[in-house]
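# Per-entry structural report
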Amino acid sequence: MGGTTGAERGWPRVSPTATFWLLCLSAIGTFVAQGLLYPALPLYLTEELGTSKAVAGLVVSSLAVAAVASRPWAGSFIDRRGRRPLLLAGPLVVAVTSAGLLSVRSVWMVLACRLVQGLGGSLTYSAASAIAADVAPEDRRARYLARFSLCFYIGFALGPFVAESLISGPGFAAVWWCVALFS
């Protein structure tokens, strides 16, 4: 797909620089959502569902396992189906499964949600990275991709602070709603 413009791929006619920065803002939001779950999910599993810390660790890490396992598949699927539809589908999958956590009262259902979230995260990251590489100027691609990667870390860093304030205030339901919203 290299060499085609965003307009040829059906993207709105926005400058590549504007597209890049909008993508960066989107990445921050998406990874704030992921960062929200790191402190909230283990507490929810151990305090609300009464599971052990070991099982909570397994459930929390299951997202990473699903994301890593599905990443090669996601990349080839994105190349076949297009970046934009899957960039929109990935966060939607994460949002729906996060909203689903509102009604889940079983560790196994939380685990299932996390595995599906890993797939959604894999689609999101792969599609967003491909778009960032597409719109980055060729002579500054490495600099742009480094900035894009920084957005993920900013999101991961902000998420736990937001989660802690939500847990101590409105509670876990507010965290799940924020994850869905940020996704």
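Nothing here was measured: the structure is a model prediction, and the numbers come from that model.

About the thresholds
- Residues numbered from 1 in each chain as written.
- Predicted model: local features only at pLDDT ≥ 70, side-chain atom pairs only at ≥ 80, totals over all residues.
- Heavy atoms only, no water.
- Helix = DSSP H or I, 4+ residues; strand = E, 2+ residues; numbered from the N terminus.
- Contact = heavy atoms within 4.5 Å.
- Expected span 1.5 Å × (residues − 1).
- Buried < 20%, exposed > 50% of the residue type's maximum accessible area, 1.4 Å probe, protein only.
- Axes fitted to C-alpha atoms, helices over the stretch in contact; angles between N-to-C directions.
- Parallel < 35°, antiparallel > 145°, perpendicular 65-115°, else oblique.
- Left-handed = near helix turned anticlockwise from the far one by under 90°.
- Nonpolar A, V, L, I, M, F, W, Y, C, P; charged D, E, K, R; others polar.
- Core = buried A, V, L, I, M, F, W, Y, C linked by side-chain atoms within 4.5 Å.
- Phe/Tyr/Trp six-rings, centres within 6.5 Å; stacked < 30°, edge-to-face > 60°.

## Structural notes on the side chain of threonine 51
Considering the arrangement of structural elements, one finds threonine 51 in the loop between helix H1 (16–48) and helix H2 (53–81). Not counting residues within four places of it along the chain, the set of residues in contact with threonine 51 comprises Leu45, Thr46, Ala56 and Val107.

## Describing H2
With 29 residues, H2 ought to run about 42 Å at 1.5 Å a step, and its terminal C-alpha atoms sit 40 Å apart, in line with that. Turning to H2, its buried residues are Ala56, Val59, Val60, Ser62, Leu63, Ala66, Ala67, Ser70, Ala74, Phe77 and Ile78. Among the structural elements, H1, helix H3 (83–100) and helix H4 (107–135) are those in contact with the buried residues of H2. After H2 finishes, the residue glycine 82 shows a positive phi value of roughly 110 degrees.

## Quick look at the packing of H1 against helix H6 (residues 172–182)
Contact geometry for H1 and H6: axes closest at 9 Å, N-to-C directions at 155 degrees. When the axis of H1 is compared with that of H6, the two are roughly antiparallel. Where H1 crosses over H6, the handedness of that crossing is left-handed. Between H1, through Gly29, Thr30, Val32, Ala33, Leu36, Leu37, Ala40, Leu41, Leu43, Tyr44, Glu47 and Glu48, and H6, the contact on the second element is made entirely by Phe172, Val175, Trp176, Cys178, Val179 and Phe182. Broken down by class, the residue content of the contact of H1 with H6 amounts to 14 nonpolar, 2 polar and 2 charged.

## Topic: the nonpolar core
The tendency in soluble globular proteins is for nonpolar side chains to be buried as a group. Of all hydrophobic cores here, the largest spans 26 residues; its most connected members are Leu36, Leu41, Leu45, Val59, Val110, Val175 and Trp176. At the level of elements, H1, H2, H4, helix H5 (141–168) and H6 are the ones that each hand at least two residues to this core. Those residues in contact with tryptophan 176 that sit more than four places away from it in its chain are Leu37, Ala40, Leu41, Tyr44, Ser98, Leu101 and Leu102.

## A closer look at the packing of aromatic side chains
Inspection of the entire model under this criterion finds 12 aromatic pairs. Ring plane angle 90 degrees and centroid distance 4.2 Å describe the contact between phenylalanine 31 and phenylalanine 152, whose orientation is recorded as edge-to-face. Of the two residues, phenylalanine 31 sits in helix H1 while phenylalanine 152 sits in helix H5, which places them 121 residues apart along the sequence. Take phenylalanine 152: its relative accessible area is 6%, and that puts it in the buried class. With a centroid separation of 5.4 Å and 65 degrees between ring planes, the pair formed by tyrosine 44 and phenylalanine 172 is classed as edge-to-face. Of this pair, tyrosine 44 sits in helix H1 while phenylalanine 172 sits in helix H6, and the two are 128 residues apart along the sequence.

## Re the packing of H5 against H6
At their nearest, the axes of H5 and H6 sit 7 Å apart, and the two run at 145 degrees to each other. Counting all contacts with H5, which are made through Ala163, Leu166 and Ile167, the residues of H6 involved are Phe172, Ala174, Val175 and Cys178. Counted by class, the contact of H5 with H6 contains 7 nonpolar, no polar and no charged residues.

## Here's the deal with the environment of glycine 120
By secondary structure assignment, the location of glycine 120 is in helix H4. Residue glycine 120 is classed as buried on the basis of its relative accessible area of 0%. Apart from the residues lying within four places of it in its own chain, the contact partners of glycine 120 are Gly90, Val93 and Val94.

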